[in-house]
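# Analysis of the macromolecular model
The chain contents come next:
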Amino acid sequence: MGLLAGAGLYAWFRPAGDAAPPSGSSLAVLPFTNLGPPDTDPACEGVMGELHSSVSLLNNLKVIARSSSDRYRNTPKTTWQIGDELQVANVLKGSVLKTGDQLQVKVELIDAREDIRLWANTYRAPYQDFFSLTDRIVRDVADQLKLTLRASASEDRAQGRPNAARTRNLDAYNAVLQGRQLLVSRTNADLLGGIVRFDRALALDSAFAEAYAQKAAAHHLLLGSGVKDIPTLNRLTEQNALKAIQFDPTNSTAYAVLGSLYYSTYQWQASEHAYRIALQHNPNDAQAHYWFSLLLRTLGRAEDAVRASAQA
């Protein structure tokens, strides 16, 4: 998944005539529509977030970061326009309806170049089977795109091991979703509120890697706020990021935060190493690419910095 939606990223524009044709193995997951009342928004957000994270694990698939695809929430633009702007061949869109303890998810896979629906399906399951439901959807999307999960993810699922980056506790999962949304504003109050949510998630599941990773991000973003002194914030950032990696050695968010932390403390080699690991585990992490570009610019590697920025 990207670290923070819209956090300092900027758009790159090219004349339409110069745009490279989108790869057939490229996908944007557009914001899902919540068909239920507002208090079921976390369920809708959870479905979309889980699908985005999981399709990013498909081999040879370029998945647009949520910081870009979220811009199209409630947009009047056509699928063709969105595909052209994001330079993707396919778009996944859908809707979620949570009624009591039942969940209904409708999904559509659309060829963005021709604006043709390639496939659609409706899934129903008890809300407690949330993760099994999203796993089924991802498997079906992979089949439609003729792609497979990366080896480690496929192995985990085949042997019934849950993804270490997530939890099987829905209350913990929802707490992290709420906390991540608070981090977007970067205000001190919301960052502290996010930490409260991440602590709540960890009280429910002490091995929830992503909760530790997001807690590390929140502490890192509090630098300069005056809420705590810098050495304390740096210590808490590193401590929580390393805890996330302990439970999930592939957690790209945790490595990206460490990269930014080491950059801010002038540990250039450690920073570059952390960014490279983050991007190895999640090549679609726009935030990590952008932060990495700042490090490369600082090191005087201008051409590499431009490439990293363009990738972001």
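Presented here is an overview of the structure given in this document. (Residues numbered from 1 in each chain as written. Predicted model: local features only at pLDDT ≥ 70, side-chain atom pairs only at ≥ 80, totals over all residues. Heavy atoms only, no water.)

Another point: the side chain of His 52. Assignment of secondary structure puts His 52 in helix H1 (residues 41–55). Apart from the residues lying within four places of it in its own chain, the contact partners of His 52 are Val 29, Val 63, Ile 64, Ala 65 and Arg 66. (Helix = DSSP H or I, 4+ residues; strand = E, 2+ residues; numbered from the N terminus. Contact = heavy atoms within 4.5 Å.)

By the criterion of burial, strand S5 (residues 102–111) is predominantly enclosed, with seven of the 10 residues buried. With 10 bridges joining them, strand S4 (residues 90–99) and S5 adopt antiparallel strand pairing. Of the residues in S5, the one forming a bridge with Leu 92 is Leu 109. The antiparallel pairing of S4 with S5 creates a hairpin that spans two residues between the two strands, and Gly 100 there sits at a positive phi of about 65°. Relative to strand S6 (residues 116–126), S5 is paired through 10 bridges, and the arrangement is antiparallel. Across the sheet, the residue bridging to Gln 104 is Arg 124, located in S6. A loop of four residues connects S5 with S6, the two strands running antiparallel in sequence, and Asp 115 in this loop sits at a positive phi of about 55°. (Buried < 20%, exposed > 50% of the residue type's maximum accessible area, 1.4 Å probe, protein only. Pairing = 2+ DSSP bridges.)

Attention shifts here to the packing of helix H6 (residues 170–183) against helix H8 (residues 209–221). Where H6 meets H8, the closest approach of the two axes is 11 Å, and the angle between their N-to-C directions is 20°. Relative to H8, the element H6 is oriented roughly parallel. Crossing geometry of H6 relative to H8 is assigned as left-handed. Here H6 contributes Val 176, Arg 180 and Leu 183 to the contact with H8, which in turn contributes Glu 210, Ala 211, Gln 214, Ala 217 and Ala 218. Along the lines of polarity and charge, the residues of the contact of H6 with H8 split into five nonpolar, one polar and two charged. (Axes fitted to C-alpha atoms, helices over the stretch in contact; angles between N-to-C directions. Parallel < 35°, antiparallel > 145°, perpendicular 65-115°, else oblique. Left-handed = near helix turned anticlockwise from the far one by under 90°. Nonpolar A, V, L, I, M, F, W, Y, C, P; charged D, E, K, R; others polar.)

Here we come to the environment of Val 107. By secondary structure assignment, the location of Val 107 is in strand S5. Expressed as a C-alpha distance, the spacing of Val 107 and Thr 122, which sit 15 residues apart in the sequence, is 6.5 Å.

A word on the nonpolar core. Taken as a class, soluble globular proteins show a tendency for nonpolar side chains to be buried jointly. Ranked by size, the top nonpolar core spans 76 residues in total, and within it Phe 32 and Val 105 carry the most contacts. Element by element, the count of residues in this core is highest for helix H4 (residues 130–145), at eight residues. Ignoring anything within four residues of it in the chain, the contact list for Val 105 reads Phe 32, Val 47, Ser 95, Val 96, Asn 121, Thr 122, Tyr 123, Leu 133 and Ile 137. Counting nine residues, the second largest nonpolar core, distinct from the first, contains Ala 28, Leu 30, Val 88 and Ala 112. (Core = buried A, V, L, I, M, F, W, Y, C linked by side-chain atoms within 4.5 Å.)

What follows concerns unusual backbone geometry. Residue Asn 74 is not a glycine yet carries a positive backbone phi of 60°. Positionally, Asn 74 belongs in the loop between helix H2 (66–69) and helix H3 (79–86). Under the relative-accessibility criterion, Asn 74 is labelled exposed at 76%. Of note in this structure, Arg 186 is not a glycine but carries a positive phi near 65°.

A word on the side chain of Asn 174. Within the secondary structure, Asn 174 sits in helix H6. Asn 174 has contacts with Pro 42 and Tyr 127, leaving out every residue within four places of it along the chain.

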